[in-house]
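Architecture and fold: a report
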Amino acid sequence: MFFQHIYDKSLAQASYLIGCQAKGEAIVIDAKRDIDTYLEIAKENNLTITHITETHIHADFLSGSRELSEVTGAKMYLSDEGGVDWQYEFPHIGLKNGEVINVGNLTLKVIHTPGHTPESISFLLTDHPATDEPVMIFTGDFVFVGDIGRPDLLEKAAGITGTQEKGAKEMFHSVQDFSKLPEFIQVWPGHGAGSACGKSLGSVPSSTVGYEKIRNWAFQYEEDEEGFIEYLLEGQPEPPKYFAMMKKLNKVERSLLTEVPKHKKLSKNEFLESYNSGVKVIDTRNKVDFAEAFIPESINIQGNNSFSTWMGWLVNYSEPFILVAQEEQMEDLTRKLMRIGMDQMMGYIDDVKNLGLDLQTADVIDIADFKTYLNREDVQVVDVRNKTEYETAHIKNAENVFVGTLEENLDKISRDKQVVIHCQSGDRAAIAYSLLKKNGFGNVKNFSGGMKEWLENDNVITK
């Protein structure tokens, strides 16, 4: 058996290529959209991708199953569980509980594991030349290392009311069934730490059934279904806005993108024409460089592992945009955008200083200055972290307005007082600062050190 775990750090998303080396056949589970990764792995190992499958209709990334099928000719094997409202709306081979996919001398048994979504399935893998006992289970967003998938995304992200309680009940029973599997089976989940598909995912890439029964909170409730549901639903992070679009695009027919596109570097005139017509500018530079000189109304979303998530929060899929980035960054940034289906980039520029524009600077303050603004009637301190972080610990009298929904809540930000913003360690505050400046707020200061520096200096917090 050939096995490779492919991990996208930007979305904390795992996919898998498993092959039968004797027969030269391979299957890909939960493919990302930049499919050249799988084509290269298969070629290097003398494998042909003959099967493609998914654990469920994903909400956090745009699946590459259809791109991979288009290029390889491999068949797609997708869940037909969950009822009529949860069916893929494009041609595929349907899978039901108990059915088996044969990949050379390997078999993958389908197990319906509803809870995260109604159609969710897991795959129990047996390597028959080695043993007739199953050796791995691919759980998607069902069981993670140390956590389980959240059942509230359909309601919170896709607006389908009444689904989270039903999903939580289904998850309880799926967990009970999972606990009956042999403890030696390896667990390979669809996500790791940093994913918004759970609230406490571990950073270790895999586990075993036995280990999860010991350490995973979800297996400690046994017959306490009510307690399980209460704990599962409380404290889940707010799902990014783009999740609703992913849920739709992963279910219906859509246009395919089978290669990583190359975007144009715009001339000064091309940029200015688009900029002056209102095209959004996303500056991917480090927050320190952005603070020193930035294009008016541009948004600072740094090109790090969180880039695609914040793009999904803050950029509408119907609006074009231009990046500020270096040429050597463009392939990486393009891949990150592909993975959430954000294909409307017009091009990029690599220098903000040669455009003839009056650049702005950010008003960044240190902790000593920050303390002088606390507990003043003429100052509004705004914590732009998420609700759960804020409720866990925050600076006294700071108000919480999450950066992801800041532009929908500008009425909560004072235009008369001095506004001072912060987050945990500065990245989200840099985004928030640029958003506020873009929306005409003049009196804004950024305490970039945030809660991290505040706590390191033994300052008082409120819980």
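The structure displayed is predicted, hence computed values, not measured ones.

**What to know about the overall build of the protein chain**
What the protein chain contains, in helices and strands, is 15 helices and 21 strands. For a compact globule of 463 residues, the expected C-alpha radius of gyration is about 23 Å, and the protein chain comes in at 24 Å, within 12% of that figure. In terms of overall dimensions, the protein chain has a C-alpha envelope of 70 × 55 × 40 Å along the principal axes. Put simply, the protein chain has 463 residues, and 57% of those count as buried. Of the contacts made within the protein chain by residues no fewer than 6 positions apart, 68% connect residues no fewer than 24 positions apart. Approximately 19,500 Å² of the protein chain is accessible, and the part contributed by carbon and sulfur atoms is 46%. Put simply, the protein chain has 47 plus and 71 minus side-chain charges, and the middle of one group is 3 Å from the middle of the other.

**As for the side chain of arginine 285**
Mapped onto the fold, arginine 285 is located in the loop between β13 (280-283) and α9 (287-292). Owing to a relative accessible area of 19%, arginine 285 belongs among the buried residues under this scheme. Engagement of the side chain of arginine 285 in a polar contact is seen with the side chain of aspartate 283, the distance being 2.8 Å. Those residues in contact with arginine 285, other than ones at most four positions away along the chain, are Phe290, Ala293, Phe294, Asn300, Gln302, Val324 and Val352.

**Remarks on helix α14 (residues 427-438)**
Here α14 spans 17 Å end to end across twelve residues, near enough to the 16 Å set by a 1.5 Å rise per residue. Most of α14 is tucked away, with nine of its twelve residues classed as buried. Buried within α14 are the following residues: Arg428, Ala429, Ala430, Ile431, Ala432, Tyr433, Ser434, Leu435 and Leu436. Close packing links the buried residues of α14 with α9, β14 (299-300), α10 (307-314), α13 (387-392), β20 (418-422) and β21 (444-447). One or two steps after α14, the chain reaches glycine 440, where phi turns positive at roughly 85°.

**Details of the UniProt feature "domain: Rhodanese" (unreviewed entry) in the protein chain**
The sites that carry the UniProt feature "domain: Rhodanese" (unreviewed entry) are, in the present numbering, residues 375-463. Between the C-alpha atoms that bound residues 375-463 there is a distance of 17 Å. The span itself is 28% helix and 18% strand.

**Comments concerning the sheet that holds strand β4 (residues 48-53)**
Within the open sheet, the six strands sit side by side as β1-β2-β3-β4-β5-β6. Their pairing is mixed. Strands with a single pairing partner mark the edges of an open sheet, and in this sheet they are β1 (2-8) and β6 (93-95). Put simply, the sheet's adjacent strands are angled 25° from each other on average, direction ignored. Pairing of strand β3 (residues 25-29) with β4 involves five bridges; the strand directions are parallel.

**A few points about the side chain of glutamate 67**
The residue glutamate 67 is located in helix α2 (residues 65-72) in this model. Judged by its relative accessible area of 0%, glutamate 67 falls in the buried class. Sequence-distant contacts of glutamate 67, that is, excluding residues within four places in its chain, are made with Arg33, Ile35, Arg254, Ser255, Leu256, Leu257 and Thr258.

**Side note on the environment of valine 288**
For valine 288, the location among the structural elements is in helix α9. C-alpha separation for the pair valine 288 and arginine 150, spaced 138 residues apart in sequence, amounts to 36 Å.

**So, the packing of aromatic side chains**
The full count for this structure, using the stated rule, is 22 aromatic pairs. Considering the side-chain rings of phenylalanine 370 and phenylalanine 447, the 4.3 Å spacing of their centres and the 15° angle between planes classify their relative orientation as stacked. You can see phenylalanine 370 sitting in helix α12 (residues 367-372) and its partner phenylalanine 447 sitting in strand β21, a full 77 residues away along the chain. Relative accessible area serves as the criterion here: at 0%, phenylalanine 370 is assigned to the buried category. Clustering of aromatic rings is evident, with ring pairs tying together Phe172, Trp217, Tyr221, Phe228 and Tyr231. The side chain of arginine 66 reaches across the aromatic face of phenylalanine 90, ending 3.8 Å from its centre.

**Some thoughts on unusual backbone geometry**
At glutamate 222, a residue that is not glycine, the phi angle is positive and equals roughly 45°. Counting through the fold element by element, glutamate 222 comes out in the loop between α5 (209-215) and α6 (225-233). The backbone of glutamate 297 sits at a positive phi, close to 75°, despite the residue not being glycine.

**So, the nonpolar core**
In terms of nonpolar packing, the biggest core is built from 56 residues, with Ile282, Met311, Phe321 and Leu323 touching the most fellow members. Listed by contribution, the elements that provide at least two residues to this core are α7 (242-249), α9, α10, β15 (321-324), α11 (330-338), β16 (345-349), β20 and α14. The greatest single-element share of this core, amounting to six residues, is contributed by α14. Ranked by size, the runner-up nonpolar core spans 21 residues in total, among them Ala168, Phe178, Trp217 and Leu232.

**Observations regarding the layout of surface pockets**
By volume, the largest pocket is sized at about 870 Å³. Those elements giving two or more residues to the lining of the largest pocket turn out to be α7, α10, α13 and α14. Partitioned by chemical class, the residues of the lining of the largest pocket number 17 nonpolar, 16 polar and seven charged. The calculated volume of the second largest pocket comes to roughly 220 Å³. Lining the second largest pocket are 16 residues, and of these Lys241, Trp313, Leu314, Val315 and Asn316 sit closest to its centre.

**Some thoughts on the pairing of strand β18 (residues 379-383)**
Most of β18 is tucked away: five of the five residues are buried. The two faces of β18 match: Val379, Val381 and Asp383 on one face and Gln380 and Val382 on the other face are all buried. With five bridges joining them, β18 and β20 adopt parallel strand pairing. When the bridges of β20 are listed, valine 382 appears paired with isoleucine 421. Of the pairings in the sheet, the one linking β18 to strand β19 (residues 399-400) comprises two bridges and is parallel in character.

Scoring rules and cut-offs
- Residues numbered from 1 in each chain as written.
- Predicted model: local features only at pLDDT ≥ 70, side-chain atom pairs only at ≥ 80, totals over all residues.
- Heavy atoms only, no water.
- Helix = DSSP H or I, 4+ residues; strand = E, 2+ residues; numbered from the N terminus.
- Rg over C-alpha atoms; globule rule 2.2 N^0.38 Å.
- Buried < 20%, exposed > 50% of the residue type's maximum accessible area, 1.4 Å probe, protein only.
- Contact = heavy atoms within 4.5 Å.
- Areas by Shrake-Rupley, 256 points an atom, 1.4 Å probe, with all protein chains shown as cover.
- Lys, Arg positive; Asp, Glu negative; His and termini not counted.
- Charge placed at Lys NZ, Arg CZ, Asp CG, Glu CD.
- Polar contact = N/O pair within 3.5 Å; in protein donor to acceptor, adjacent residues only side chain to side chain.
- Expected span 1.5 Å × (residues − 1).
- UniProt positions renumbered as here; feature names shortened; annotations may be inferred.
- Pairing = 2+ DSSP bridges.
- Axes fitted to C-alpha atoms, helices over the stretch in contact; angles between N-to-C directions.
- Phe/Tyr/Trp six-rings, centres within 6.5 Å; stacked < 30°, edge-to-face > 60°.
- Lys NZ or Arg CZ within 6 Å of the ring centre and 35° of its normal.
- Core = buried A, V, L, I, M, F, W, Y, C linked by side-chain atoms within 4.5 Å.
- 1 Å grid on protein atoms, 1.4 Å probe; cavity = no way out; pocket = protein on both sides within 12 Å on 5 of 7 lines; lining within 4 Å.
- Points joined across faces, edges and corners; volume = space filled by probe spheres on them.
- Nonpolar A, V, L, I, M, F, W, Y, C, P; charged D, E, K, R; others polar.

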